[in-house]
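Spelled out from the first residue to the last, the chains are:
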Amino acid sequence: MPQPLLRLCLLLVASLLLAGPLRAQQGAPSSQPRTTRILFVLDASGSMNAPWEGEPRWNVAKRLLAKMADSLNAYPNLELGLRAYGHQYDNKDNNCEDSRLEVSFARKNAAAIKQKLQDLTPQGNTPITYSLLQSAADFPADKTARNVLILITDGVESCKGDPCAASLALQRKRVFLKPFVIGIGAEKDFGKQLECLGQYYNAADVKTFRTILNDVIAQTLAKTTVAVNLTDENGRPVESNVNLTFINNVTEQPEYNYVHYRDAKGQPDVLDVDALQSYDLIINTVPPVRQQNLAIKAGKANVLTYKTPQGTLSLQSPQLTPNPYGTVQAVVRAQGSGATVVSRAFGSKQKLLAGNYEVELLTLPRITRRITIKQGQETVVTYDAPGTLNIITDLKGYGSIYRLNQDDSQTWLYNLPEGGSSKINLPMQPGTYRLVFRTATATGSKFTDVRPFTIRSGQTTSVSIFGK
C-alpha cells in the first residue's frame, strides 16, 4: 500500500467513532454512532477522454476512485454510492438527463464500485444540475445519517442548469451536507463557476488530485472537536454559563445549542462539531456576539477564543412601601443606538457585555441614565421615590400635564382621559409641573384652566380645577 494511503487509513482507524447525533434536532448525546453515506458523483462526459499527463482523465479518475473505495471497504458505519453522468448517450445526442445512480448505498461495496467503473464509458454531456437534483433520491430517508456528496468533474454545466442554486436548495433541505467539488484538468480554469456549489478544490495535476481525494475523505471521516474560550478584556478565560448557538450559515438554522461550561481547572469542555458544515457562532450574551464563518479545521481539536467581558446591571427600586408605580420597567440600549438590548423590571439584575449603555426608566416622566458596565462589577440604577398627583375635581373635559424645565420651557408628559373625568391619582417623579385643562362644556379656548403644582417623594399633591 502506498505510504500516503497507509497514513490515511491509520488516521481513519483512529477516528472510527463518529460524532454524536445531528444537532439540528439536538437531544441527549447518543451512544450509537451515526451512519455516514458518501455519494461519489463522477463526470463521465466526453471531455473526460482528454489526455492528462499521458493518459485519459477518465482512467486517472476511475483508478484513484477505485483505490479509495478499496481503502474504505472495512470502515464501520460507512456506506458508499456511485452516480455517473454523461455516459449513456453520445455527445451529439445532447442529452441533458444523462445521469444515473450506478451503485446504490451499501456497506463494503468496493467490489461493485470498481466493477461499475470498468463498465462505464465517457461520451456525453455534463448535466451537473440534473445530477444534483437526482441525487436527492439516492440517499435513504434517514435523518440521523451524515450525507456527503463528492462531485468530481473536469467541466462546468453544459445543459443551461444552475448547479449552484440546486446545491444550495438541497443543502437547505438537508439532503446532504456542504458538498465537496473536485475540478480536474489544468487547461480549464472553471473553479470560480463551481465554488458556489460547496467546498471547491482545484486538482491541476494527478498528484494533487490524489492528495485532494485523500484529504476530502479524511475531512469527512475524522472526528472534529471545538472548545470555546470566553475571556475578559485582558484575555483571561473567566466567562462561562452562556448559551452558544452554532448556526448553519447555509440553512440559517441552529445546528447546536450548548450552555458554555468550564471544569474545576477553568478549562472549557470539548464539543463535537461536524466540520463538513459552515457555521456562524452566536454567543448569547446581552447583547449577543456573532462570529461569522467559523474557522474550524476538520479532524482537529479546534480552540476558538472570544472576548466577552460582562458586568451586572442592578435595578433597585427606592425604599417606599407600597410603591405607587407598582413595578417599573427599564429599557436598556447601547449608547447611540435606538435598538433595545433588553427590558427588565426593577428589582432584578441583568448581566451585560462591558460597554456604554442608556437605561430608560418607564417612570412618569421617563428618566434616561447613561451608564458604563465594567467587567466583573455591578452597576446600580435607581430612581427617586415617587409622589402622587391627586386631581380632586370631578369634571369632564380635556387636559394635559407638562413638566416645567429650568429654562421655563415645558415638556408634555401626559394626557388626561379625553372627554372623561378629570379626577385621577397619578404617581409621578418629584419635580415641578403644570396642569392645563378645559371642561367639555366650556364655550371657548379662553376658558382653559392652568395650574402649577409640585410633586414630592412619598407625598400626595392635591390639585383642584374649576369649570368656567
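These numbers were taken from a predicted model, which means no experiment stands behind them.

Description of the overall build of the protein chain
No. 1: Secondary structure assignment for the protein chain yields 7 helices and 29 strands.
No. 2: For the protein chain, whose C-alpha radius of gyration is 35 Å, the value lies well above the compact-globule estimate of 23 Å for 468 residues.
No. 3: The principal-axis extents of the C-alpha atoms in the protein chain amount to approximately 105 × 60 × 35 Å.
No. 4: When burial is assessed residue by residue, the protein chain has 50% of its 468 residues classed as buried.
No. 5: Sequence separation of 24 or more characterises 67% of the internal contacts of the protein chain that already satisfy a separation of 6 or more.

Things to note about the packing of aromatic side chains
No. 1: According to the stated counting rule, one finds 12 aromatic pairs in the structure shown.
No. 2: Seen from their ring centres, Y325 and Y383 are 6.0 Å apart, and the 65° between their planes marks the pair as edge-to-face. Of this pair, Y325 sits in the loop between β16 (310-315) and β17 (329-334) while Y383 sits in the loop between β22 (378-381) and β23 (387-391); the two residues are 58 residues apart in sequence, bridging distant segments of the chain.
No. 3: Overall, the relative accessible area of 17% leaves Y325 in the buried class.

A short note on the packing of helix α2 (residues 57-72) against helix α3 (residues 110-119)
No. 1: Running from N to C, α2 and α3 cross one another at 170°; their axes reach a closest spacing of 9 Å. The orientation of α2 with respect to α3, classified from their angle, is roughly antiparallel. Along its contact with α2, which presents W58, K62, L65, A66, A69 and D70, the element α3 presents A110, I113, K114, L117 and Q118.
No. 2: Its residues assigned to classes, the contact of α2 with α3 shows 7 nonpolar, 1 polar and 3 charged.

Quick word on the confidence of the model for the protein chain
No. 1: In this model, the protein chain carries a mean pLDDT of 91, and residues with pLDDT of at least 70 account for 92%.
No. 2: For the stretch residues 1-25, pLDDT sits under 50, and the model shows 45 contacts to residues farther than four places along the chain or on other chains.

Observations concerning the sheet that holds β16
No. 1: With mixed pairing, the 3 strands of this open sheet are ordered in space as β19-β16-β22. Each edge of the sheet is formed by a strand with only one pairing partner; in this case those strands are β19 (349-353) and β22. For this sheet, the mean angle separating the axes of adjacent strands, direction not counted, is 30°.
No. 2: For β16 and β19, the ladder comprises 5 bridges, and the chain directions are antiparallel. Each residue of the ladder has a partner; that of G311, found in β19, is L352.

Criteria and thresholds
- Residues numbered from 1 in each chain as written.
- Predicted model: local features only at pLDDT ≥ 70, side-chain atom pairs only at ≥ 80, totals over all residues.
- Heavy atoms only, no water.
- Helix = DSSP H or I, 4+ residues; strand = E, 2+ residues; numbered from the N terminus.
- Rg over C-alpha atoms; globule rule 2.2 N^0.38 Å.
- Buried < 20%, exposed > 50% of the residue type's maximum accessible area, 1.4 Å probe, protein only.
- Contact = heavy atoms within 4.5 Å.
- Phe/Tyr/Trp six-rings, centres within 6.5 Å; stacked < 30°, edge-to-face > 60°.
- Axes fitted to C-alpha atoms, helices over the stretch in contact; angles between N-to-C directions.
- Parallel < 35°, antiparallel > 145°, perpendicular 65-115°, else oblique.
- Nonpolar A, V, L, I, M, F, W, Y, C, P; charged D, E, K, R; others polar.
- pLDDT = per-residue confidence, 0-100.
- Pairing = 2+ DSSP bridges.

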